[in-house]
Amino acid sequence: MAIAEPTATKMTVEEFLLIADEEGTHRELIDGELREYDVTTRNPRHSVAIACTTFVLRKWLKSQSQKIGVIACGDARCRLNPELETVVGIDVAYFAGEEAIRQFHEEPYFSGPPTLAVEVLSSSDVHEDVIEKSQKYLAVETKMLWIVDPDLQTVMILKPNAEPVLFNKTQRLTALDELPGFDVAVSELFEP
């Protein structure tokens, strides 16, 4: 999650989607406010953490007896709630259900909260911005948010109405209600 000083312009999701992509600029719409950030290159630890997290989640999804959702990465565009003017880019996400599969094939963005959102910290992140985005996810009932820190090699799990839980590289992520049968060593999220 790369955050910098945003510009402030009010608009709707429909207006937001009409803006052409621009090299070197990342855009999100938070409560109807356009936020533009300079895109910076990621350090190797950040890139590897996204790749590894995507890989283990994709492996888990493929192990399910039927197609139950979609794993997306690379600032997956998501309108967190159809009632809100908020569109974010998620580093890695799991969207559950047939509707998510349909959206993947037919829509310009995922609509509705992901079951799992994963934000990978980078050196340019600002604490207040990470907290704000985390609160947005939890407010729309994203079932689980992982804050992945590739430098400390930790995963903090946040869920609505629950205390955060921190896992380090010596532990395993397992027995997660939102991801039945998921089991991985935290260290696997950081190994090149």
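Above this note sits the structure.
Quick summary incoming for the structure in this document.

Criteria and cut-off values
Residues numbered from 1 in each chain as written. Predicted model: local features only at pLDDT ≥ 70, side-chain atom pairs only at ≥ 80, totals over all residues. Heavy atoms only, no water. Helix = DSSP H or I, 4+ residues; strand = E, 2+ residues; numbered from the N terminus. Buried < 20%, exposed > 50% of the residue type's maximum accessible area, 1.4 Å probe, protein only. Contact = heavy atoms within 4.5 Å. Disulfide = S-S within 2.5 Å. Salt bridge = Lys/Arg side-chain N within 4 Å of Asp/Glu carboxyl O. Expected span 1.5 Å × (residues − 1). Polar contact = N/O pair within 3.5 Å; in protein donor to acceptor, adjacent residues only side chain to side chain.

**Side note on the side chain of Gln-103**
Reasoning step 1: Along the chain, the position of Gln-103 falls in helix α3 (residues 98-106).
Reasoning step 2: On the basis of relative accessibility, which here comes to 5%, the residue Gln-103 falls in the buried class.
Reasoning step 3: When neighbours within four sequence positions are excluded, Gln-103 is seen to be in contact with Tyr-109, Phe-110 and Ser-111.

**Some thoughts on unusual backbone geometry**
Reasoning step 1: Even without being a glycine, Asp-31 presents a positive backbone phi close to 50°.
Reasoning step 2: One can find Asp-31 in the loop between β2 (25-30) and β3 (33-38).
Reasoning step 3: Residue Asp-31 is classed as partly exposed on the basis of its relative accessible area of 39%.

**Brief notes about the state of the cysteines**
As used in these notes, a disulfide is a covalent bond between sulfur atoms, one from each of two cysteines.
Reasoning step 1: Tallying each qualifying case throughout the model produces zero disulfides.
Reasoning step 2: Of all cysteine sulfurs in the structure, the one in Cys-73 sits closest to Cys-52, which takes part in no disulfide; the separation is 12 Å.
Reasoning step 3: Judged by relative accessible area, which is 41%, Cys-73 ranks as partly exposed.

**Focus on the pattern of salt bridges**
Close approach of charged atoms allows side chains of opposite charge to pair.
Reasoning step 1: In this structure the tally under the stated criterion is 14 salt bridges.
Reasoning step 2: In this structure, the salt-bridge partner of Arg-27 is Glu-36, at a minimum N-O distance of 2.7 Å.
Reasoning step 3: Judged by relative accessible area, Arg-27 falls into the buried class, the value being 14%.
Reasoning step 4: Put simply, Glu-178 and Lys-159 hold a salt bridge, and the shortest N to O gap is 3.3 Å. On the criterion of sequence distance, the pair formed by Glu-178 in the loop between β11 (172-174) and β12 (183-185) and Lys-159 in the loop between β9 (154-158) and β10 (165-168) is long-range, its members being 19 residues apart.
Reasoning step 5: Taking relative accessible area as the criterion, Lys-159 reaches 25% and is therefore assigned partly exposed.
Reasoning step 6: A single network of salt bridges, built from pairs that share partners, joins Glu-99, Arg-102, Glu-106 and Glu-107.

**Notes on helix α2 (residues 44-63)**
Reasoning step 1: Between its terminal C-alpha atoms α2 stretches 28 Å, which fits the 28 Å expected from 20 residues at 1.5 Å a residue.
Reasoning step 2: Among the residues of α2, His-46, Ala-49, Ile-50, Cys-52, Thr-53, Thr-54, Val-56, Leu-57, Trp-60 and Leu-61 are the ones counted as buried.
Reasoning step 3: Each element contacted by the buried residues of α2 is listed here: β4 (69-79), β5 (87-96), β7 (116-120), β8 (144-149) and β12.
Reasoning step 4: Of the residues flanking the start of α2, the one acting as N-cap is Asn-43, its side-chain oxygen 3.0 Å from the backbone nitrogen of Arg-45.

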